Amino acid sequence: MSADGQDGGIESLESGPYHSEMIIIRKGDPDGEEKLRAFHERMRARIGDEAFEQHMRTRELMKHPRELTHDQKTRLRDALAPVMRDLKVTGQAPPLIREESREDLGDDAICAWIEGPDGTGQGIRMWLNGSAGYQLYSLAEQLQEWTADQWTTWPPCPIHPGAGHRLEPEIRDDEAVWLCPRDGETVAAVGSLPSSRGRRRKVR
Ligand SMILES: [Zn+2]
């Protein structure tokens, strides 16, 4: 993305209800800076000062990711540990976790970045304003979506091997769990999936 309209670029509001407007500035456009400034003014008017400032901080972080603090890294590692453990015991390659923020959600979340073996990446959010159960549920869901992007059905349901469905993260009694979507049974707490080591993988 362009720095400030100097050499062209694309900018959009990519999340929430704001994705309807996008601006493309061509390289060398003499009016580029002015167009970008006008675009930002419209954006600020539409979404309000607070959301606009957050957008601009995120825009800056996309260009220059900010390394997490030592405390944030520790908290993120601790929070992710149960899901990383579940990935490991089920033979699913984990993502590369970059301990750096590329978006700004204020005090609501610790934001980091995860990458797959092909180098594609996406943001991950550790929510700080909910219960511990919700936080873990959310991380499990985000990593599951990441595995889905890698064309993997994860975690495979151990109750119905070969059925082709995955377990779904859910919250039961304020605890993050994996449940089978077919019968709604809780299979394990997130972080306690049974190991599939030694089990023959189905050859497609
Ligand atoms: Zn099942």
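K.L.:
Account for the packing of helix 3 (residues 70–89) against helix 4 (residues 132–149), naming residues and giving values.
P.N.:
Their axes nearest at 9 Å, the elements helix 3 and helix 4 cross at an angle of 40°. Judged on the interaxial angle alone, helix 4 and helix 3 are oblique. The chirality of how helix 3 crosses helix 4 is right-handed. Across from Ala-79, Leu-80, Pro-82, Val-83 and Leu-87 in helix 3, the residues of helix 4 making contact are Gln-135, Leu-136, Leu-139, Ala-140 and Leu-143. By residue class, the composition of the contact of helix 3 with helix 4 is nine nonpolar, one polar and no charged.

K.L.:
Residues and numbers for unusual backbone geometry, please.
P.N.:
Backbone torsion omega between Trp-154 and Pro-155 reads -10°, so that peptide bond is classified as cis. Not every positive phi belongs to a glycine, and Trp-151 is a case in point at roughly 65°. With respect to the secondary-structure elements, Trp-151 resides in the loop between helix 4 and strand 8 (168–172). Here Trp-151 falls in the exposed class, since 6 other C-beta atoms lie within 10 Å of it. The backbone of Asp-174 shows a phi angle near 60°, a positive value even though the residue is not glycine. Here Asp-174 shows up in the loop between strand 8 and strand 9 (175–179). Owing to 10 C-beta atoms within 10 Å, Asp-174 belongs among the exposed residues under this scheme.

K.L.:
An account of helix 4 is requested, with residue identities and associated values reported.
P.N.:
Its 18 residues place the ends of helix 4 26 Å apart at the C-alpha level, agreeing with the 26 Å of an ideal helix rising 1.5 Å per residue. The complete set of buried residues in helix 4 reads Leu-136, Tyr-137, Ser-138, Leu-139, Ala-140, Leu-143, Gln-144, Trp-146 and Thr-147. Those residues of helix 4 hidden inside the fold are in contact with helix 3, strand 6 (109–115), strand 7 (121–127), strand 8 and strand 9. Backbone geometry just after helix 4 places Trp-151 at a positive phi near 65°.

K.L.:
Describe in detail helix 3, supporting the description with residues and values.
P.N.:
An α-helical turn contains 3.6 residues, so a residue and the one three or four places further along point in the same direction. Between its terminal C-alpha atoms helix 3 stretches 28 Å, which fits the 28 Å expected from 20 residues at 1.5 Å a residue. The axis of helix 3 is deflected most strongly, by about 45°, at Ala-81, and proline Pro-82 appears within four residues downstream. Looking only at helix 3, the buried set comprises Leu-80, Val-83, Asp-86 and Leu-87. Elements that come into contact with the buried residues of helix 3 comprise helix 4. With its phi angle positive at about 75°, Gly-91 sits one or two positions after the end of helix 3.

K.L.:
Run through the sheet that holds strand 7, naming residues and quoting values.
P.N.:
Sheet architecture is open: three strands sit in the order 4-6-7, paired in antiparallel fashion. Edge positions in the open sheet fall to strand 4 (96–98) and strand 7, since each of these has one partner strand only. Each neighbouring strand pair of the sheet contributes to a mean axis angle of 35°, computed without reference to strand direction. When strand 6 meets strand 7, the two strands line up antiparallel, connected through seven bridges. Bridge pairing in strand 7 links Cys-111 to Arg-125. Of the strands in this sheet, strand 6 and strand 7 touch helix 4, which is tilted by about 170° from strand 7.

Parameters at a glance
- Residues numbered from 1 in each chain as written.
- Predicted model: local features only at pLDDT ≥ 70, side-chain atom pairs only at ≥ 80, totals over all residues.
- Axes fitted to C-alpha atoms, helices over the stretch in contact; angles between N-to-C directions.
- Helix = DSSP H or I, 4+ residues; strand = E, 2+ residues; numbered from the N terminus.
- Parallel < 35°, antiparallel > 145°, perpendicular 65-115°, else oblique.
- Left-handed = near helix turned anticlockwise from the far one by under 90°.
- Contact = placed C-beta atoms within 7 Å.
- Nonpolar A, V, L, I, M, F, W, Y, C, P; charged D, E, K, R; others polar.
- Buried ≥ 20, exposed ≤ 12 C-beta atoms within 10 Å, placed from the backbone.
- Expected span 1.5 Å × (residues − 1).
- Bend = angle between axes of the 7 residues up to and from the residue.
- Pairing = 2+ DSSP bridges.

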